[in-house]
Protein chains: 2
Amino acid sequence: MVTDKVGAIIAAAGRGERMGGVDKMLALLGGKPVLARVIATFEGCKAIDQIVVVVSQENVEQAKKLIDEHKWSKVTEVCPGGELRQDSVAAGLKRLEDCDWVVIHDGARPLVTADLIERGLKAAKEGGAAVAAVPVVDTIKIADDNQIVRQTLMRDWLWAAQTPQVFRFDIIAKAYPPAEGEVTDDATLVERLGYQVKLYSGAYDNIKITTPDDLILAEVLYRKYGR
Amino acid sequence: MVTDKVGAIIAAAGRGERMGGVDKMLALLGGKPVLARVIATFEGCKAIDQIVVVVSQENVEQAKKLIDEHKWSKVTEVCPGGELRQDSVAAGLKRLEDCDWVVIHDGARPLVTADLIERGLKAAKEGGAAVAAVPVVDTIKIADDNQIVRQTLMRDWLWAAQTPQVFRFDIIAKAYPPAEGEVTDDATLVERLGYQVKLYSGAYDNIKITTPDDLILAEVLYRKYGR
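Analysis parameters
Residues numbered from 1 in each chain as written. Chains lettered and ligands numbered in written order. Predicted model: local features only at pLDDT ≥ 70, side-chain atom pairs only at ≥ 80, totals over all residues. Heavy atoms only, no water. Helix = DSSP H or I, 4+ residues; strand = E, 2+ residues; numbered from the N terminus. Rg over C-alpha atoms; globule rule 2.2 N^0.38 Å. Buried < 20%, exposed > 50% of the residue type's maximum accessible area, 1.4 Å probe, protein only. Contact = heavy atoms within 4.5 Å. Areas by Shrake-Rupley, 256 points an atom, 1.4 Å probe, with all protein chains shown as cover. Least-squares fit on C-alpha atoms with pLDDT ≥ 70 in both. Polar contact = N/O pair within 3.5 Å; in protein donor to acceptor, adjacent residues only side chain to side chain. Buried area = accessible area lost by both parts, 1.4 Å probe. Salt bridge = Lys/Arg side-chain N within 4 Å of Asp/Glu carboxyl O. Phe/Tyr/Trp six-rings, centres within 6.5 Å; stacked < 30°, edge-to-face > 60°. Lys NZ or Arg CZ within 6 Å of the ring centre and 35° of its normal. pLDDT = per-residue confidence, 0-100. Core = buried A, V, L, I, M, F, W, Y, C linked by side-chain atoms within 4.5 Å.

*Asks:* Got a sec to walk through the overall build of chain A? Specific residues and values, please.
*Replies:* A tally of helices and strands in chain A yields seven helices and 11 strands. Relative to the globule expectation of 17 Å for 227 residues, the C-alpha radius of gyration of chain A, 17 Å, shows essentially globular dimensions. Counting over 227 residues, chain A shows a buried share of 56%. Of the contacts made within chain A by residues no fewer than 6 positions apart, 74% connect residues no fewer than 24 positions apart. Summing over all exposed atoms, chain A offers an accessible surface of approximately 10200 Å²; the carbon and sulfur share of this is 49%.

*Asks:* Would you mind going over the relation of the copies chain B and chain A in detail, with residue names and values included?
*Replies:* Aligned on chain A, chain B shows an RMSD of 0.0 Å; the corresponding rotation is 180° and the shift along the axis is 0.0 Å. Each copy turns onto its partner about a two-fold axis. Within chain B, L217 of chain B has its C-alpha nearest the rotation axis, a separation of 3.0 Å. Interface overlap between copies is the fraction of interface residues in one copy that are interface residues in the other; for chain B against chain A it reaches 100%, indicating a shared surface.

*Asks:* Pulling in residues and values, what's your account of the side chain of T41 of chain A?
*Replies:* Residue and element names in this part refer to chain A. One can find T41 in helix α1 (residues 34-43). Overall, T41 belongs to the buried group, its relative accessible area being 15%. In this structure the side chain of T41 is engaged in a polar contact, spanning 3.1 Å, whose partner is the backbone oxygen of R37. Not counting residues within four places of it along the chain, the set of residues in contact with T41 comprises V112, T113, A114 and I117.

*Asks:* Break down helix α3 (residues 85-94) of chain A for me, citing the residues and quoting the values.
*Replies:* Burial of α3 of chain A is extensive: seven of the 10 residues sit out of reach of the surface. Here α3 of chain A has its buried residues at R85, Q86, S88, V89, A91, G92 and L93 of chain A.

*Asks:* Hey, could you go over unusual backbone geometry for me, with residue numbers and the actual values?
*Replies:* A negative phi angle is the norm for most residues apart from glycine, just as the trans form is the norm for most peptide bonds. Residue and element names in this part refer to chain A. The omega angle of the peptide bond from Y176 to P177 is -10°, so this bond is cis rather than trans. One non-glycine residue, Q147, lies in positive phi territory at about 60°. Note on Q147: relative accessible area 24%, which makes it partly exposed.

*Asks:* With reference to specific residues and values, describe the interface of chain B and chain A.
*Replies:* Listed by partner, the interface residues are 41 residues for chain B and 41 residues for chain A. Both sides together, the interface formed by chain B and chain A hides about 3600 Å², and carbon and sulfur atoms give 56% of it. For the pair chain B and chain A, the number of links is six salt bridges. In this structure, D213 of chain A engages K224 of chain B in a salt bridge whose closest nitrogen and oxygen atoms are separated by 2.6 Å. Remark: the boundary between chain B and chain A carries 20 residue pairs in polar contact (both at pLDDT 80 or more).

*Asks:* Describe the environment of L35 of chain A, naming the residues involved and giving the relevant values.
*Replies:* All names here are of chain A. By the secondary structure assignment, L35 is in helix α1. Through-space distance from the C-alpha of L35 to that of A11 is 9.9 Å; in sequence the pair is 24 residues apart. Not counting chain neighbours up to four residues away, the residues in contact with L35 comprise I10, A12, M25, V53, V55, A63 and L66.

*Asks:* Lay out helix α4 (residues 114-127) of chain B in plain terms, naming residues and giving numbers.
*Replies:* Residue and element names in this part refer to chain B. Buried within α4 are the following residues: L116, I117, G120, L121, A123 and A124. Packing partners of the buried residues in α4 comprise β1 (6-12), α1 (34-43), β6 (101-106), β7 (129-135), β10 (158-168) and β11 (198-201). Phi for G128, located one or two positions after α4, is positive at around 110°.

*Asks:* Quick rundown of the packing of aromatic side chains? Include the residues and the values.
*Replies:* Each aromatic ring pair is summarised here by two numbers: the centre-to-centre distance and the angle between the ring planes. All told, the structure shown has zero aromatic pairs over all chains when counted by the stated rule. Between R18 of chain B and the ring centre of Y204 of chain A, over which it is positioned, the NZ or CZ distance is 5.2 Å.

*Asks:* A description of the confidence of the model for chain A should follow, citing residues and the corresponding values.
*Replies:* Low pLDDT marks stretches whose predicted atomic positions should not be read closely. On average, chain A scores 94 in pLDDT, and the residues at 70 or more come to 98%. Across the whole predicted complex the pTM is 0.92, and at the interface the ipTM reaches 0.94.

*Asks:* Describe the environment of D4 of chain A, with residues and values.
*Replies:* Residues and elements named next belong to chain A. With respect to the element layout, D4 can be found in the segment before β1 (6-12). On the accessibility criterion, D4 (37% relative accessible area) is partly exposed. For D4 and W101, which are 97 residues apart along the polypeptide, the C-alpha to C-alpha distance reads 7.3 Å. Residues in contact with D4, not counting those within four places in the same chain, are D49, D100, W101 and K125. A distance of 2.6 Å separates a polar atom in the side chain of D4 from a polar atom in the side chain of W101.

*Asks:* Report on the nonpolar core, specifying residues and quantitative values.
*Replies:* Most often, soluble globular proteins have nonpolar side chains that are buried together. Residues L35 and F42 of chain A together with L35 and F42 of chain B are the most contacted members of the largest nonpolar core, which totals 94 residues. Excluding anything up to four places from it in sequence, F42 of chain A contacts A8, I10, I48, I51, K74, V103, H105, V112 and I117 of chain A.

*Asks:* Could you give me a rundown of the pattern of salt bridges, with the residues and numbers involved?
*Replies:* Overall, the coordinates contain 27 salt bridges over all chains when judged by the stated rule. One salt bridge in this structure joins R223 of chain B and E219 of chain B, with 3.3 Å as the shortest N-O distance. Residue R223 of chain B and its partner E219 of chain B are both found in helix α7 (residues 212-225); the two are separated by four residues, about one turn of the helix. The class for R223 of chain B is exposed, based on a relative accessible area of 68%. Each member of the salt-bridge network shares a partner with another, and the members are R85, D106, R109, D186 and K208 of chain A.

Below is the structure:
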């Protein structure tokens, strides 16, 4: 029996412009760098065969050191990302060409769990693409340039996308490299190609660290739930 | 010179279904009940002339006690809310009929500041209605009943509404009582009547406490920034 091969891209090259000078990937969470928390979860997830870690140029050596220290055997490559997030994902995709499925995850979401990854793979296998998402709790309004409300959206149908985002390799490969413009969500590219993207249940505590306050919250959640 | 009279409704009757049995209004934040934090901020805001506090039936006595203890002189009434949030706001509006402007605020947003209230009033005076809001940071998707993505929204125009929401009295009075259905956002009712609603800059740390984790985050933010 031939089993599908599953690769993971950990996109961790972000500059973290709202972090006030702190490198969020190397910031400590439960006493270990955020980046180490994320890699450890993917390494420990049975469904994952191979991991590519994409970091900023200045963190390449540090990341390699972490991986050596922890003897993470699934990490086949640490490579530098580009200026935009999509450059990092593109760099990761090139290194996973023999995989059947690709799990893309933001390095800044360190509270991901093996369960979340595995459920993403299961959902993706239904139609080729799946995205972790949670129901939106805020009231969302669309405003014009003068900040006058044009519309309040029906909350029942709104979802906030997270990562993991999981794709059949050939589908996500078609989406890359994207046409011009900055892309913050891989699924959007796949949607544009006309593929069906399935949402599956993410977690409210699968937060993305973008500010120093988020890092504090992540620490609180980490201590509370462990990982 | 006649100055406009400004009333505030603190809508604090919510049951907090996701709080795991903790009464979020009486939970402590920096050693004082959440409800006390909110009232203290409105009491201390120079722009506010009168405050009506709407709480659950079982918290009426406790709220009155808090107000007596703190000698908050602007609170003219503590009244019980109804089953839905809109019942609470309607109850509050009845008691502010001699006001020119009404500031509606969720009791579960204890990190509100006097500055946020005052900027809301200023914005409302431009066109009659203003809502605190922050740019949406998540990627928002619209999905169908099968959780298949139908659309990814252009993030640049999306805002997450908060409170304070500020209205000219006659405008919000026309919106109440709303037709059937549950209403979680007062501005939506005003928009439906065709009035222009202006968004003004809220604050990411003006969080709404809906889960026990939110309460932990609020405590962290409170210690960090004070109020």
